[in-house]
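# Descriptive analysis of the structure
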Amino acid sequence: MRRLVVESAVLLALVIASAFTLSALESQLSLASGAVATMAMLAAATSVAAGFAAEMVARLSEQSSLRRIAAAMMLYGMVVVPTTASGLAATTLDTIVVIAIRHTATLLTITLLLLAVVPFDRPHPWPIRPFRNPATGLRGLLVAAVCSLASGGLAAAFPEAAYLVVRSPILFSCTALLWLNVALTCLVIGVLRRNRMLVWLSFGQLAIVLAHVPRFWSGDSLFYAPPLYSPLLAPGMRVLGTTLVLLAVLQVAYRTYQRFHLDQERLAKAEAEAVEARQRLSTQAHELRNALAGLDGAAQVLAMDDPEGKVDRAALRAALSAELNRMRAMLSPQSEHTRNDTTRLRSLLKQLVLIRRSNGTAIDLTVDGDPVVAMPQDAVAQVITNILANCERHAPGAHVWVETYRISDTMVRVRIHDDGPGIPPGQEQEVIRRGVKGSGSVGEGIGLAVCQELVTRHGGRLQIAPADPERPGFTVLIDLPLRSRAQQSSTPGV
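So, here is what we can say about the structure in this document. Please read these numbers as outputs of a predicted model, since none were measured by experiment.

Right, let's get into unusual backbone geometry. Not every positive phi belongs to a glycine, and Arg 194 is a case in point at roughly 55 degrees. As for its placement among the helices and strands, Arg 194 is situated in the loop between α7 (169-193) and α8 (196-210).

Our focus in this paragraph is the sheet that holds strand β7 (residues 474-481). With mixed pairing, the five strands of this open sheet are ordered in space as β2-β4-β5-β7-β6. The open sheet has two edge strands, β2 (362-367) and β6 (461-464), and neither has a second partner. Geometrically, the sheet is characterised by an average inter-axis angle of 10 degrees between neighbouring strands, direction not taken into account. Pairing between β6 and β7: four bridges, direction antiparallel. What sits directly across from Ile 464, in β7, is Val 476. The strands touched by helix α13 (residues 377-394) are β2, β4 (399-406), β5 (411-418), β6 and β7; relative to β5, the strand with the most contacts, the crossing angle is about 20 degrees.

What follows deals with the pairing of β7. Of all eight residues that make up β7, eight are buried, and the element is covered over most of its length. Burial along β7 is two-sided: the face carrying Phe 474, Val 476, Ile 478 and Leu 480 and the face carrying Thr 475, Leu 477, Asp 479 and Pro 481 are both buried. Here eight bridges tie β5 to β7, and the two strands are oriented antiparallel to one another. Note that in β7 the partner of Asp 418 across the bridge is Phe 474.

In the contact formed by α7 and α8, the axes pass within 7 Å of each other and the chain directions differ by 160 degrees. Between α7 and α8, the angle is such that the two are roughly antiparallel. At the point where α7 passes α8, the crossing takes the left-handed sense. Residues Ala 176, Trp 179, Leu 180, Val 182, Ala 183, Cys 186, Leu 187, Ile 189, Gly 190, Val 191 and Arg 193 of α7 pack against Leu 198, Val 199, Leu 201, Ser 202, Phe 203, Gln 205, Leu 206, Ile 208 and Val 209 of α8. Across the contact of α7 with α8, the residue classes tally to 16 nonpolar, three polar and one charged.

Cut-offs applied
- Residues numbered from 1 in each chain as written.
- Predicted model: local features only at pLDDT ≥ 70, side-chain atom pairs only at ≥ 80, totals over all residues.
- Heavy atoms only, no water.
- Helix = DSSP H or I, 4+ residues; strand = E, 2+ residues; numbered from the N terminus.
- Pairing = 2+ DSSP bridges.
- Axes fitted to C-alpha atoms, helices over the stretch in contact; angles between N-to-C directions.
- Contact = heavy atoms within 4.5 Å.
- Buried < 20%, exposed > 50% of the residue type's maximum accessible area, 1.4 Å probe, protein only.
- Parallel < 35°, antiparallel > 145°, perpendicular 65-115°, else oblique.
- Left-handed = near helix turned anticlockwise from the far one by under 90°.
- Nonpolar A, V, L, I, M, F, W, Y, C, P; charged D, E, K, R; others polar.

No statement about biological role is implied by the geometric values presented.
Below, the structure is given as structure tokens:
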């Protein structure tokens, strides 16, 4: 509020100083008619520019006040300023018509500016298609122009009555006072609402009103005075006033641009978050389908009678419980694999192989020693489950071998191989990319990509081994980092 009051004081000082400066220069300079006409054209152009700017901003921001400002400024620049600077003889019928049009257009301009601070809008759309949009000032301009031309027609039809009306000092004084009151109303409401546009608009109107002040103390007849009665003050203050209005609209346009730019950034961020959420949900759905496919077979085996005791039910129940816990953690909001956890590969691989074996897959497991890797158990289980599910899905009935062995002092390799059809040579890197899948696949092509992301995130590496002509099938090599001594001392009991 304080800043707006200070800004209002500066604008008031600018308007008053400009009026006194132009009035002082007017008595010392003799301007040619061409210079005065140029200033009038500049005022008209500035007013029309302010109107078009307000129209564009109104269409973007849907502010009802701007469309009335647009209509008012376009009407002022297209009708009021040209008719004021027409320079016709004061006694001709044409001048009576022009002055009638000018007075009507001026009153309508003031009315539109007053409506700019009033929360008013027509509830029903107009029947004319181009004017149905509520955020347009074209219909206001159309109505005002038609009314102005109608007043000119009445003046041409009844010149004697029109002459008495347009030459009345009361009409001019009331018009000037009304415009001054509208300017003050815009100023007060603008300050109270902290609306900078209304404050600048009010001082633009005040400058236009001050352009006509000399007529109040002029001894000449108001009607017979030449149209360009003030060769510098009137056009100069009119240019200043329309410029202030244009600046007011441009400030709104700039704030609208900033708001749109911010909205675009928020929209882009929301779209990125939505894409990330869709990918996360898609990944979770993919993992759940793979886990459920294994659990289905394990549950069926547990439900079957086994009088000979061929099935290790205790081990299968433990594997089933571990998978259910992993699925529960996957659905939890804190299911991200960001913990500094370790995993015993032997016990985990035994559980996963047992579940897949109970599902009917011919699978063999070979583990060299009891390696402990620096990767959370849920993440390792997710990677292995994905690979085994791919073997079942893309090579049904194939035999699967799972082997684990050290490749260095810090890395252990999990090698998963099946004797299925494999992949075409040279496609080893292509099949890992997200969204890549075979022509007959019903999946989404995200399993291997998710596996590679998880392994890489924890310092490992996943790769597809080139096809071996002597040993057909599909081979995945998963290199995982071994647990360090620091991790070993911080994770007792593992």
